[in-house]
Structure formats: C-alpha cells, structure tokens
There are 2 protein chains.
Amino acid sequence: MTGSNGNTAVSDQPILPKPEGLEGVVAASTALSHVFGEEGKLVYRGYDIHELAGHATFEEVAYLLWNGRLPNRQELDALLQTLGAQRPLPSHVIDVIQALPDTAQPMDALRTGVSALGAIDSEHFDDVPDLNEAIALTAKFPGILAAFFRHRQGLDPVNPKPGHTTAQSYLHQLFGKEPDEKHWRPLEVYLTLLADHGMNASTFTSRVIASTGSDLCSAITGAIGALKGPLHGGAPSKVLDMLEAIGAADNVDPWLTNALDRGERLMGFGHRVYKAEDPRAEILRGMAAEASTPEFFALSRRTEERALAMLHERKPDRRLYTNVEFYSAAVLSAVGLPGDMFTPTFAVSRVTGWTSHVLEQVANNRLIRPQSEFVGATDKTFVAIERR
Amino acid sequence: MTGSNGNTAVSDQPILPKPEGLEGVVAASTALSHVFGEEGKLVYRGYDIHELAGHATFEEVAYLLWNGRLPNRQELDALLQTLGAQRPLPSHVIDVIQALPDTAQPMDALRTGVSALGAIDSEHFDDVPDLNEAIALTAKFPGILAAFFRHRQGLDPVNPKPGHTTAQSYLHQLFGKEPDEKHWRPLEVYLTLLADHGMNASTFTSRVIASTGSDLCSAITGAIGALKGPLHGGAPSKVLDMLEAIGAADNVDPWLTNALDRGERLMGFGHRVYKAEDPRAEILRGMAAEASTPEFFALSRRTEERALAMLHERKPDRRLYTNVEFYSAAVLSAVGLPGDMFTPTFAVSRVTGWTSHVLEQVANNRLIRPQSEFVGATDKTFVAIERR
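This part covers the interface of chain B and chain A. Counting residues at the interface gives 111 residues for chain B and 111 residues for chain A. Counting each side, the surface lost to burial between chain B and chain A is near 9900 Å², with a carbon and sulfur contribution of 59%. If you sort the residues of chain B by the area they bury against chain A, Val26, Arg369 and Phe382 of chain B come out on top, with a joint share of 8%. Connecting chain B to chain A are 10 salt bridges. Residue Glu23 of chain B is joined to Arg366 of chain A by a salt bridge in which the shortest nitrogen-to-oxygen separation is 2.0 Å. Linking chain B to chain A there are 46 residue pairs in polar contact (both at pLDDT 80 or more). Counting residues per element, the side of chain B that touches chain A draws most heavily on helix α9 (residues 201-211) of chain B, which supplies 6 residues. Broken down by class, the residue content of the side of chain B that touches chain A amounts to 46 nonpolar, 40 polar and 25 charged. With 4 bridges connecting them, strand β1 (residues 26-30) of chain A and strand β5 (residues 371-374) of chain B associate as parallel partners. The residue of β5 of chain B that forms the bridge with Ala28 of chain A is Ser372 of chain B.

Next up on the list: the domain arrangement of chain A. How big an interface is tends to be stated in terms of the accessible area lost upon association of its parts. Residues and elements named next belong to chain A. For chain A, the assigned domains are domain 1 (33-231 + 340-363) and domain 2 (236-334). Taken over C-alpha atoms, the centre of domain 1 sits 27 Å from the centre of domain 2. If you look at the interface, domain 1 gives 24 residues, while domain 2 gives 25 residues. The junction of domain 1 with domain 2 conceals about 2000 Å² of combined surface from both sides, 74% of it contributed by carbon and sulfur atoms. Interface area lost by domain 1 to domain 2 is led by Tyr190, Leu193 and Phe342, which between them contribute 29%. Taken together, domain 1 and domain 2 are joined by 1 salt bridge. In this structure, Arg319 and Glu38 form a salt bridge, with 3.2 Å as the shortest nitrogen-oxygen distance. At the surface where domain 1 touches domain 2, the tally comes to 5 residue pairs in polar contact (both at pLDDT 80 or more).

Further remarks concern the packing of aromatic side chains. In this structure the tally under the stated criterion is 9 aromatic pairs over all chains. Where Phe269 of chain B meets Phe326 of chain B, the ring centres are 5.2 Å apart and the plane angle is 45 degrees; that geometry is what we call tilted. Of the two residues, Phe269 of chain B is situated in the loop between α12 (252-261) and α13 (279-291) and Phe326 of chain B in helix α15 (residues 324-334); the sequence distance between them amounts to 57 residues. Given a relative accessible area of 1%, Phe326 of chain B falls into the buried group. With a centroid separation of 6.1 Å and an interplanar angle of 35 degrees, the aromatic rings of Phe297 of chain B and Tyr327 of chain B are classed as tilted. Of this pair, Phe297 of chain B sits in helix α14 (residues 294-314) while Tyr327 of chain B is found in helix α15, placing the two residues 30 residues apart along the sequence. The buried category is assigned to Tyr327 of chain B, whose relative accessible area is 0%. Of the aromatic side chains, those joined through ring pairs into one cluster are Phe269, Phe297, Phe326 and Tyr327 of chain A.

Parameters at a glance
Residues numbered from 1 in each chain as written. Chains lettered and ligands numbered in written order. Predicted model: local features only at pLDDT ≥ 70, side-chain atom pairs only at ≥ 80, totals over all residues. Heavy atoms only, no water. Contact = heavy atoms within 4.5 Å. Buried area = accessible area lost by both parts, 1.4 Å probe. Salt bridge = Lys/Arg side-chain N within 4 Å of Asp/Glu carboxyl O. Polar contact = N/O pair within 3.5 Å; in protein donor to acceptor, adjacent residues only side chain to side chain. Helix = DSSP H or I, 4+ residues; strand = E, 2+ residues; numbered from the N terminus. Nonpolar A, V, L, I, M, F, W, Y, C, P; charged D, E, K, R; others polar. Pairing = 2+ DSSP bridges. Domains from an automatic or database assignment. Phe/Tyr/Trp six-rings, centres within 6.5 Å; stacked < 30°, edge-to-face > 60°. Buried < 20%, exposed > 50% of the residue type's maximum accessible area, 1.4 Å probe, protein only.

Structure (structure tokens):
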C-alpha cells in the first residue's frame, strides 16, 4: 500500500482468536449429519452411512434428511409422486439454458438454471424457504443438467417420465432412453452417499445466504458456486484425467513417482476433516468393483494402493487416505457420465442436504455475520487528484 | 424427531464456543474497510468515509479498493476507458435476461445475469479471479440491471456510451436518455458510500465461495443472493413503502404509534455493528435534502426524528440509530428509481467491495470450512420399509 500518509495497523477488538479458514470454529448446530473425522464415520440423522448405503433408496435418504425419520411405504410413494410431478421445468428455465454458450461448464449451467428458476414471482421460490420448495427444487436438478447436456450436443430436452426415481430420471433425461439397472443402481448408491456431509463449504454458503432471509434458489445458487471450487467439490474429473493419463498398470509407479517428484498434488487423497478412511470411499470402492470394467477397476485399485504407499513414504507425518472423489470417478464413468458431469451429479445428490440445512437454518434463524480483523490504516487524508 | 431408536446427543469436540450467527468471530483479516461500530466510523483503505464522500468519484473509490491507493489522473482515465470498453454485454447474457419472466424481481435477474456471464469458456471469469475480471464484472452490472428493467417494460436494451461514468451509464442504460447532473451526482455519492462495509453477510459469502477455488462469477452470484435477504440488503424499498403509507407530516405520529403498538419493526433503524449513527446515514441525509422534493425530505426527516424518539422511549436499553437504508430511499427515489431497484443499485456499488474481498481472499487463500455442533443421534439401526 502506497497511501498518502498513515499506516497504523489497528484491530478493532476481535472477540475471539482468528482460526485460519474458520477451522474448528462451530458455525451452527445441526441434527442433520456429522463427520466423525478421527473415526472415519459419517452419520445422517442418527444412521451410520453403512446402515443406509445399498439399503435405503435416494428418496428415502432425502425424506430422512428433510423430515428427521425414514418414511413408511405410503410416505415414500407420496414423495416419489411429488418429485415426478415437479420434475418438468418452467419453459423460461429451458430458454435460459439453451441461451448459454455450448462451451459453458455444466456447473455454470446448473448455477444459472437454478438462479433462473428462482426468478419467478409466485408462491414458489420466494420468501422464506419451505419443504415443498425443497422437494420441487430437488426434482428439477436432473432436468436442468440434462437440458444443458443435450443442448451442447444440439439435442432437445427429454420430458421426464412420472414413474422414474431420481437416478432413473436423471439418466433418462440425459440419454433419452430407458436406463439400465446396471447404470441406475450404482448411481442410486452414489446419490445416497453424497447427500449430506456436515458443515462443508457449500452447505455453509447456503446457510449464510439463507440467514439473511433470502430465498431458497439464492441459497442453492450460492452453494453450487461453492461446490464448483476444486478445493471443495471440483476435483473428481481430475481423478479420471489422472487414471486416463496413467493408462496401464505398469505405468502406475513411474507416473506417480514423476508427478510427486514434480511436486504435483495427487487427486483423490486427503480431506480437511477425515483423519481415517472416508467411509464413502470404502463403499464406492465396492461399487466401482461391480460397475467398472475389470481393467479400469484394476488400474484404479493399483493406483490407489501405490499412491497411498508413496504418500505415506514421502509425508509420514500426514494421515492421507483415499477420499470420496477417487472412486466417484470410476462409478460415475461406468454409469456413462463424462468427467465434467461428475461435480454436477454430486450436486444432484447434495441439493437434499443443502435444502435440509437451509430449512434447519430458517427454523431458528440468526443472521450469520462474522467480524473481520482490520489490518489497514485508518488516518489517511484525501488529496485531490490534481495533487496526487 | 421420531426415529426408530437412539437419541443420544453428542458434540464432536467443538474447539471454540459457538457464538450465534458467528457474532464477534473473526472470519478473515482485511485491509479493505472497517466498521468502527462504537464510534460510528467507516474506513476504506485508510480513508474515513467523510474524506471520500462528495470528493472522490465512484471510480476513484473502486480503484482505491482494488489497488490500495487512490489513482492519479492517468490511472483514473485508464480505468474509465477500460470500464467503458467492458460495459457491453455478451449477447447470450442479454438473451438470458430477456428469457426471464417480466414479473421476476430485479435481484433475481441480476443474480441470473451474472451467473450467465460466468458461463463462458474463456480466459475471462474462469480459474482464479483477477483484477481484470473484477473490472469487467463491475462494468457490466449496470447493463445487466438496465436490460432487465427495460425488458419488463417491453423495451430493448440501450447500448452503453464509452464516455460515461458508472453512475451516468447506469442511468443512461436504464432510461435511454442522457442523464441530468441532478440525477447522476447524488447517485455517484450513493455509490461511493455503499462500496464496502467490512465482513457483512454478502461479502463473507463471496469470500467463502472464492475460498473453494471457484470463479469470480460464482462468488458474486452468491453475494447477490445474500444481499437479497431483507436482514442484509433487502429492506430499503420498505422504507419507501413506509414513507408512502405515512403520506403526510401530520400522520407521522399516529402511524408510527400504531405500527409500534402492533409490534411491527420500523424500517431504516438499527444495525448489528453500529452502536452510534451510521456515518453513511448522515451523508445521505445531506444528499436527500438536496435531491428530494422539499415535501418528501420534510416527511422523511419528521419520520426519522419521531421514530428515534419513540424507539428510545419504548426500548431505552437499545442503542438504535438511523441506518443507511433510511435516506437511501429518498436519494434513490429522487434519482428516478422504483423501490425494487434500490437493493440492485446497492449491488452496482458493492460489487467493487465484493470483488476486492475475493481478490484479497485468493491472494492468501485457505478454504473457509467451519465445524458444526452435532445435536442429533448417532446409533439408529436401519429397518427395511416393509417393517416401518
């Protein structure tokens, strides 16, 4: 800073010490989910993720997050029916998506489509968020992404079928044909695993925005923008890039050694909170073994084992484990998705967690408005431009 | 919660106590601006707001925030030229805005337009935010809002003129004619006053999103969503509604008494941080005296005085002062803006602060990822739906 005068650093009574990146600071109470980082345990509404994965459908998990308990058959059927009825997009949202350049990133298209969805002057998506809006928004995520996925290929959007589950409807709207069970089933498990994850950056973003009294689409638009960042949700496609660059099992060691020697970060390992294996990685590994080709799974497994061994050797003091991204790549790729649709597909699941957090926030709201520590000057005197 | 079993409340080692809404928690260091709440003092980059208001142009303030010092004549001219060159919108952004329902709120249109602007696969608005992007985005805010303002009236957008300042260009693009000095000058002062304000909720939102490594448009799209909330930026139009409802000076006392008796919140008073008069309110009061009709200013002044007296009488323990919203209504109304354009016009100014904070965040980044306190159960057992 080369100001005209004055450079006294001041700090206006910070009440608490400043932990970098708010690490360890409790920003809110939640009954939705929790990451027990030391144990490598993830809980949704009382259920360990191992209790739910492969047993509960995505819609059961969504119901659980929204309502605090699992649905009975009648409640689940009613939710499936409402989701089906809410899937079709308003025509202006399709117009907005089709106005986007076909070179746009799918995350940008999703963010813009959700924002456009909020540009309605109606009982929906205005004023204080409610559960009906959460369900309607969740229902529309697959269609927004699929409309852009097809737009960039010069194809028209596909009308959703009422009887489809979320996983089925997403694949149907993307590819325009009845989805195979071998595709929708792994996608379904993937969606149950990614639905919520404590106070991560996108969830926190949605709560900060909701705390101002803003609307649901504003909160979720912000969350999508945060999830886009590679330090949060934006790296799974890079795992695929890495595995494709390695190409064959006998290239794993030389490729990884080279990358580490050049100081590059290996994709798919490490997490701010987990100091043990991410339980989702373990479940996805099993899914990948079933869903991928044997060659691709073998390459993934070999890369994982050698990367962990090399990372442990080079950074013995850091507890680095496989994270959720690593096998997401194998599972989503086996389902037929290209790399740039991985993070948007994460959002198709996480919108249930985001909306649950927004509802929890507004149920007992207080504006989230932290302080900053001011490290600038305070006593400069304005000098007219002629004398600068 | 009526789960199948288990309700043990746990708390996974919260490292620090949980202040509601992060009040008093320092979330980041900044050299950009600071609110000295006890003194009623606002500083931008070393300059008290009284040093700048009415002396520095909006573009000088923008340069100051972005670069840490005031520009010389050559630097200011270069910035004005770049802003002029960057004002025209990409055609797809105009298409997106014109696809929105004409009943949309201008804040929804701005959020959607900025998000659409980010849906470009180019050097702009992708990867790590930089100053050129900050300038380009700031240049385009008036045009995005003006395009929607005209779209909802069935009018085509107006091409910006290169020689216009931000205040002039905004009015020109809104109304399609050369702006009067009696309109652009108060708007100019308004824009300098609202440019930054410490770690408020929208600024914090932009920093959280940027901390994930996401792009500038994602961060600013989120900030717009937060500013839309009435607990943050969304109330100035309600001040206008209140003044219009009061209507005449002899109705001030009965109207306010009635509102307070019904437990209603009076708009334009009180702030989380200020425990003295907001210095911006003082400056805007002076602007309103010049820009408004004498009748409207007299009504505003009478309402302010009586409201403060009644609030003091009814809540003697709370230090309630006039906030920035109160006279924003008079000034922006005098400039020719309808109430629903007040908060978007706030954003035309604040985008300089948001982008400055994003640049400050990414210059020394750490993911902003707080903790949550888990207050749910952890030990429920999954029961198949047939047995629920």
